[in-house]
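A closer look at the structure
Spelled out from the first residue to the last, the chains are:
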Amino acid sequence: MLLEDPMRGVAPMLTALQKLQYSSEQLTTLHPDFLLLCLLAKCYKTGLSILEDDIFEVDQPRDFLLYCYYGGMICIGQKKFSKALELLHSVVTAPMSVLNAIAIEAYKKYILVSLIHLGQFSSSFPKYTSSVAQRNLKNFSQPYLELVNSYCTGKISELEAFVQANNEKFESDKNLGLVKQVVSSMYKRNIQRLTQTYLTLSLEDIANTVQLNSAKEAEMHVLQMIQDGEIYATINQKDGMVRFLEDPEQYKTCEMIELIDSSIQRIMMLSRKLTDMDEQLSCDPLYLGKAGRERQRFDFDDFDTVPSKFTV
């Protein structure tokens, strides 16, 4: 990094990381540094190679937070938004006693990626999120939450005006590129809403409804969405009409059966892993000691609250 040539460190760092690991389920102190090098060198695919492993063993919380944060950024670079959301979500909801900068920056990106990938964002936190995060994260992310409100109106002009007014803030956070993708995704969301109302619609009408400049631009958006599998439609080039179709997936192809089977196998593996971890925890002396002290305290409190029959 000092030589401004991060590419030179990617291969040696990967080799060192693999030698340091005694299992692919272990997170080492080199994981975050390796992912950072991949980000700086734009070697996103190389970074993805270690993100495919499920991590169950973590020594240092900071290493885990940085691993998920950098991993989320690599997935964003590869347009793997679902995996990016998973990793950023892990940072935001991780146990913490004090708020940290990693969680704040992860929360900002989590908001933006949610809008890009899902077209919506819920500001409520899961119940397992730390109280520190629930109380403070929103205070450090007000422009992003206001962006959500502007996005939900469905009006592209209002969204663009808001982004322009807060351009410096987004740029200083190095999130302006993601914000621009949020603006672009609104066109897609507005087109997707049309599929719920109309069976056929002209390209000209689509352009006017979603505030695109021309029918040609609307055609390019529709074609890209068809290619990405975001909508199902056909375009008649002669009369410029778009016909929206139902999802053709019947869930009976060999590929779909293999996908479902692999998901079932993964869930079964996770269930076994959770059972093993629960058994190990139930035998841990530190856990048993703390659980015993907690039980005694609660039992004592309960005893104190029982009314005495002999009170005068």
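Residues numbered from 1 in each chain as written. Predicted model: local features only at pLDDT ≥ 70, side-chain atom pairs only at ≥ 80, totals over all residues. Heavy atoms only, no water.

1. Quick notes on helix 8 (residues 142-152)
Regarding helix 8, the residues found buried are P143, Y144, L145, L147, V148, S150 and Y151. On its buried side, helix 8 packs onto helix 6 (101-118), helix 9 (156-165), helix 10 (167-172) and helix 11 (176-195). Looking one or two residues past helix 8, G154 carries a phi angle of roughly 80 degrees, positive in sign. (Buried < 20%, exposed > 50% of the residue type's maximum accessible area, 1.4 Å probe, protein only. Helix = DSSP H or I, 4+ residues; strand = E, 2+ residues; numbered from the N terminus. Contact = heavy atoms within 4.5 Å.)

2. Details of the packing of aromatic side chains
This structure, assessed with the given rule, holds six aromatic pairs. Measuring from ring centre to ring centre gives 5.9 Å for Y69 and Y70, while their planes differ by 50 degrees; the resulting arrangement is tilted. Each member of the pair, Y69 as well as Y70, is classed as buried. Ring centres of Y107 and F125 lie 5.6 Å apart, and the angle between their planes is 25 degrees; this geometry places the pair in the stacked category. Of this pair, Y107 sits in helix 6 while F125 sits in the loop between helix 6 and helix 7 (131-136); the two residues are 18 residues apart in sequence, bridging distant segments of the chain. By the burial criterion, Y107 is buried, and F125 matches it. The ring of F56 carries K273 above its face, with NZ or CZ at 5.1 Å from the centroid. (Phe/Tyr/Trp six-rings, centres within 6.5 Å; stacked < 30°, edge-to-face > 60°. Lys NZ or Arg CZ within 6 Å of the ring centre and 35° of its normal.)

3. Structural notes on the pattern of salt bridges
For the structure on display, the rule yields ten salt bridges. Put simply, D173 and K108 hold a salt bridge, and the shortest N to O gap is 3.4 Å. Pair noted here: D173 is in the loop between helix 10 and helix 11 and K108 is in helix 6, with a separation of 65 residues, a long-range link. Of the two residues, D173 and K108, neither departs from the other in class, the shared state being buried. Taking the shortest distance from any N to any O, the salt bridge between K188 and E230 comes out at 3.7 Å. In this pair, K188 sits in helix 11 while E230 sits in the loop between helix 13 (215-227) and strand 4 (233-236), placing the two residues 42 residues apart along the sequence. The class of K188 is partly exposed, set by a relative accessible area of 23%. (Salt bridge = Lys/Arg side-chain N within 4 Å of Asp/Glu carboxyl O.)

Nothing here speaks to function; it is geometry throughout.
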